[in-house]
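Below, each chain spelled out in residue letters.
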Amino acid sequence: MKTIGILTLVPTDLSDFIQSNLEKVFKGCVTINKYYLSYFKPGDIITTDVVVVTAQSHAMKAQNYISHDSRIIVLRRTLPNSEIYKITAIPKGTNVLVVNESPETTSESVAFLYQIGITHLNLIPYDCRKDYTDINIAITPGEVESVPPHIQTVIDVGHRCVDISTFVSILNYFNIDTQETSRRLIQYSDTIVTMDIGIKSQYKELFMKNIQLNTVVNLSHNGILLSDKDNFILLYNKKFGQIFGIDENVIGKHFSHVISNTLLPNASQSMLVDELIEFKGRSLLVNSSKIEYFGEPAGIYYDFQEVTHIRHLEQNLSKKLRDKGLVTRYTFASIQTKSPRMKDCINFVKRLASTNLTVLITGESGTGKELMAHAIHDASPQSIYPFVAINCASFPENLLESELFGYEAGSFTGAIKEGKSGLFEQANNGTIFLDEVGDMPLSVQVRLLRVLQERQIMRVGSQRVIDVNLRVIAATNKDLQAEIQKSSFRQDLFYRLNVLPIIVPPLRERPEDIIHLFHFFMEKHHGKKVTLTREVESLLLKYKWPGNVRELINAVAYISFIATDTVHIESLPAYILNIHTDFSQEITYLSARCDKEKAYQVLAILSRHVDGVGRKSLETECANAMVTITESEIRRLLLVLNELGLVESKVGRRGSHLTTKGLHFMNWKNAGMADQSKGGHS
Ligand SMILES: Nc1ncnc2c1ncn2[C@@H]1O[C@H](COP(=O)(O)OP(=O)(O)OP(=O)(O)O)[C@@H](O)[C@H]1O
C-alpha cells in the first residue's frame, strides 16, 4: 500500500487535523503516519512515498531526514464552507480585524482571505501597537487569545483544511484513479472553499464523463478494451471480461496477459480490420483503431464483436451450397503465374472483386477464364452465397432458356408438374457465371439483357416478375465485336456485359508461365519433379500453345508417362516437335536425289521400328504397302537419308534406324508441314 508522512515541527492537534483530512479521501488505500521534526535524531529518515509539509520552510529544515525517493508536497490549505458562510454574512464594507500570532502570519491570513474571494470586507491586519476601538468584529485562525478583549464578535476559522489541488497532486502521483477515491474527493470538495474553482469543476466534470463513458461502454454488446500506446490496459467493459473469462482486475496489465500473442500476433503493430479469431469456441471479429493525442500515439481502442451465431449460420449455408455444388472451386491463390502481364491482370481483377459490377472475361480457350470467375466470386462480399456456373454453348436454345430462367407448372411437354426455378433464381444474392456467352442464342440474349437492366426475371410460361440480386460474370473466347458484325451477338447486351472487361492473355504471350506451369502441373497432378533439357525448354517456349493452359496440362500428362527424371526431346509429343525446324531444304534435297515418296515410305517403316530394320525387311514391308522398290534402290535411299542425318545405318543385323532429327522430320511432315513448304510442291 502507498504511504504518506505528515511532517510538522512539534506534536499539535494540527497534524491530527491534517491526518483526518487526508483520510477522508485516502482511507483504506493509503497508510498515513505522522512525524515531528523536533523529535528527529541524526540518522533518522522518513521513507514514506509522499511527505506532506505545512510550509516550504519545514521541507528545507527536514531535508536530511527525508529519503531521496520520497516526494515532498507542500500542503495547500483552505477553509471549510461552514466558516466561510459566517464571514460572507458580514455586511459589505464592514471593518474587520484579522488576527494571527505574528505580523507575517497576519498579513498572510489577510492575503489568503482575499484569495478565497472575501473582497466585500475591509480587512485590517492586527498590529498590537494600535488601538482598534472602532472595530467590533475579528477573524482569527485559532488565535482567540490575541484578539483585543473589547471586540464583541470573534470568528475563529480554526485550522485550515487540505485543498483539493493537494489531493489531485497526490492521486496523480500515486496513479490512483478509482471510482471510490473520486467519489470521496468530490464529496470532500463540496465541504470546502477551494482556491481552484476550475480544478474542482473539472474534476467533477471528469468524474461525470467517466461515469458516462463507463455506462456507454458497458451498454455495448461488443467487448471493448482501451490500452495505452504500449498496449497496457486502461479500461475494458463487462462484455470483454465475459468473453475472455476475466475474473481479476487486469487494468495496468499488458494486453498479451489477456489475449495471447498467438491469437492476435499483429495486435500492437497494425490496426486490425475485421480480423476473425476463435477463442474457446467463440468466433470474434476484431477491429482496432489508434488513439492519438496531438498527433502522437496515445493508445489503442479494440472492439470484439461476437459472431459465433453468424458463423454457425454461415457454415450451415455454405454446407448446403457445397452439397448442391454451388460453391467456387478456385481462389486467387489457385491461379499460378510468374508472368508480369498475368500478375497485372490478377491485381486488376482483385480490385474489382469487391464490387458487384458485371464482369466480362475474354481470352482464348483454356487460358483460365473460368478460374478467374471462381476467384472473383470467392473474393467478393457475396462469397457466402451461391456461385452458379453454366456453359451457354452446351445447351440447345429452349433448354438453355428454361435452365436459366426456370419455368412455370405445365409450361411445356416434359416439364416437371410443379415448375422449376432457374439458375438466376438459384444464384440470388450470389454470382451467376455465364461461360461461352458468345454462343448464347439471340432469343436468350434478349432475356439476359432484361436481367442486366432490370434485375428481374420471368420464368418461362409466366408473367410474374421475380426480383433477383446477383452479380453476372460472363466469359467467352469469341471476338464479340466480330459476332456483333455478323449479327449473332446483340450490341446492347455487349455494352451491358462489358462493364468491367478482363482480357486473359494467351499462354504464348506469357512465356514465364510455360515452364513454371509445366513444373507446377507435373508435381501437382503426377507427383513428379523433373528436369527439362535446354532443348526441351526452348521447344516448349517456341510452341504456340493454341489450347493454352489446358493443352499444357495434357502435354504434361503425356510427358509424365513417357519421361523419367529428365525430359529429353524424344519425350515430347509430336505436335510440339513439329515446330522444331523447317525441313524444306531436306525435302528439296530428297526430291533432287531420289524418289521422294519412296523415301517417305522408308522413313515411315523405320519410325515404326525403333530397334532398327535391315534392308531385306524394308523391301518386304514396302512391297506389303504396295510400293515396289529394289534392294539397290533401298541402298541409295538409305545413303541419301544418312547424308541428311535422318537415318543412321549400321552394319550387321542392326540395320538402319531413325535419328532424332528423322523423328522430328516425320512429325513435321505428318503435321502437313511438308505440303505447305516450297520443297513439298517441287
Ligand atoms: N494460371 C493457372 N494456374 C493454375 N491452373 C490454371 C491456370 N490457368 C488455367 N488453369 C487450369 O487450366 C484449365 C483451363 O482453365 P479454364 O477452364 O479456366 O480456361 P477457360 O479460359 O475458361 O477455357 P474455355 O474458354 O475453354 O472454357 C483448368 O483446369 C484450370 O484449372
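Residues numbered from 1 in each chain as written. Predicted model: local features only at pLDDT ≥ 70, side-chain atom pairs only at ≥ 80, totals over all residues. Heavy atoms only, no water.

When its secondary structure is counted, the chain shows 28 helices and 28 strands. Expected size for 682 residues packed as a compact globule is a radius of gyration near 26 Å; at 48 Å, the chain overshoots this value by more than 25%. Taking the principal axes of the C-alpha coordinates as reference, the chain spans close to 165 × 75 × 40 Å. Put simply, the chain has 682 residues, and 44% of those count as buried. Look at the contacts in the chain between residues 6 or more apart in sequence, and 64% of them connect residues 24 or more apart. Accessible surface, the chain as shown: approximately 35700 Å² in total, 52% of it carbon and sulfur. Where the 73 positive side-chain charges of the chain centre and where its 74 negative ones centre are 6 Å apart. (Helix = DSSP H or I, 4+ residues; strand = E, 2+ residues; numbered from the N terminus. Rg over C-alpha atoms; globule rule 2.2 N^0.38 Å. Buried < 20%, exposed > 50% of the residue type's maximum accessible area, 1.4 Å probe, protein only. Contact = heavy atoms within 4.5 Å. Areas by Shrake-Rupley, 256 points an atom, 1.4 Å probe, with all protein chains shown as cover. Lys, Arg positive; Asp, Glu negative; His and termini not counted. Charge placed at Lys NZ, Arg CZ, Asp CG, Glu CD.)

For the ligand, the set of nearby residues contains 19 residues, the closest of which are Q336, S365, G366, K369 and E370. In the environment of the ligand, an oxygen atom lies 2.6 Å from a nitrogen or oxygen atom belonging to the side chain of K369. Here the ligand loses 88% of its free accessible area of 630 Å² to cover by the protein chains. (Near = heavy atom within 4 Å. Polar contact = N/O pair within 3.5 Å; in protein donor to acceptor, adjacent residues only side chain to side chain.)

This brings us to the sheet that holds strand 20 (residues 431-435). Spatially, five strands are ordered 17-20-23-16-24 in an open sheet, and the strand pairing comes out parallel. Only two strands of the sheet have a single neighbouring strand rather than two, namely strand 17 (387-391) and strand 24 (500-503). Between one strand axis and the next, the sheet turns through 15 degrees on average, direction left out of account. Two strands pair when backbone bridges link them, and strand 20 and strand 23 (residues 471-476) are joined in this way by four bridges, in the parallel orientation. Within the sheet, the bridge partner assigned to L434 lies in strand 23 and is A474. (Pairing = 2+ DSSP bridges. Axes fitted to C-alpha atoms, helices over the stretch in contact; angles between N-to-C directions.)

To continue, consider the domain arrangement of the chain. When cut into domains, the chain gives domain 1 (2-76), domain 2 (81-159), domain 3 (224-257 + 266-306), domain 4 (332-503), domain 5 (507-571) and domain 6 (584-681). The gap between the C-alpha centroids of domain 2 and domain 4 is 96 Å. (Domains from an automatic or database assignment.)

Counting 32 residues, the largest nonpolar core has L404, F424, I432, L434 and M440 as the members making the most contacts within it. Those elements that place two or more of their residues in this core are strand 17, helix 13 (397-405), helix 14 (423-426), strand 20, helix 15 (442-454), strand 23, helix 16 (480-485) and helix 17 (491-497). No other element matches helix 15, which puts five residues into this core. In this structure, I587, A599, L603 and A604 belong to the second largest nonpolar core, which totals 28 residues. (Core = buried A, V, L, I, M, F, W, Y, C linked by side-chain atoms within 4.5 Å.)

Along the polypeptide, V51 turns up in strand 3 (residues 50-53). Sequence-wise, V51 and I32 are 19 residues apart; in three dimensions their C-alpha atoms are separated by 9.7 Å.

When two helices pack together, their arrangement is given by the angle between the helix axes and by the axis-to-axis distance. Viewed as axis vectors pointing N to C, helix 22 (residues 584-593) and helix 23 (residues 596-608) meet at an angle of 115 degrees, and their least axial separation amounts to 8 Å. On helix 23, the residues touching I587, L590 and S591 of helix 22 are K596, A599 and Y600. Residues of the contact of helix 22 with helix 23, tallied by class, amount to four nonpolar, one polar and one charged. (Nonpolar A, V, L, I, M, F, W, Y, C, P; charged D, E, K, R; others polar.)

Glancing now at a nonpolar patch on the surface. On the surface, Y558, F561 and I562 cluster together to form a nonpolar patch covering roughly 360 Å² of accessible area. Locating Y558 in the fold gives a position in helix 20 (residues 548-562). On the basis of relative accessible area, Y558 is assigned to the partly exposed category, the value being 38%. (Patch = residues over 30% accessible without salt bridge, like charges linked within 9 Å, V, L, I, M, F, W, Y side chains within 5 Å. Salt bridge = Lys/Arg side-chain N within 4 Å of Asp/Glu carboxyl O.)

Take helix 15 next. Between the first and last C-alpha of helix 15 there are 18 Å, a value that for 13 residues agrees with the 18 Å anticipated at 1.5 Å per step. Residues V444, Q445, L448, L449, V451 and L452 constitute the buried set of helix 15. Taken down its axis, helix 15 places every buried residue within 160 degrees of arc, on the same side. On its buried face, helix 15 is in contact with helix 13, helix 14, strand 20, strand 21 (456-458), strand 23 and helix 17. R455 sits one or two residues past helix 15 and shows a positive phi near 60 degrees. (Expected span 1.5 Å × (residues − 1). Arc of directions from axis to C-beta.)

Strand order in the open sheet made by the five strands is 12-11-15-14-13, with antiparallel pairing throughout. Strands with a single pairing partner mark the edges of an open sheet, and in this sheet they are strand 12 (233-236) and strand 13 (275-279). With direction set aside, neighbouring strand axes in the sheet form an average angle of 30 degrees. Bridge count for strand 11 (residues 223-228) against strand 12 is three bridges, and the pairing is antiparallel. The residue bridging L226 from the neighbouring strand is L235, located in strand 12.

The terminal C-alpha atoms of helix 23 lie 19 Å apart, and with 13 residues this matches the ideal 18 Å at 1.5 Å per residue to within 8%. Restricting attention to buried positions, one finds in helix 23 the residues K596, K598, A599, Y600, V602, L603, A604, I605 and L606.

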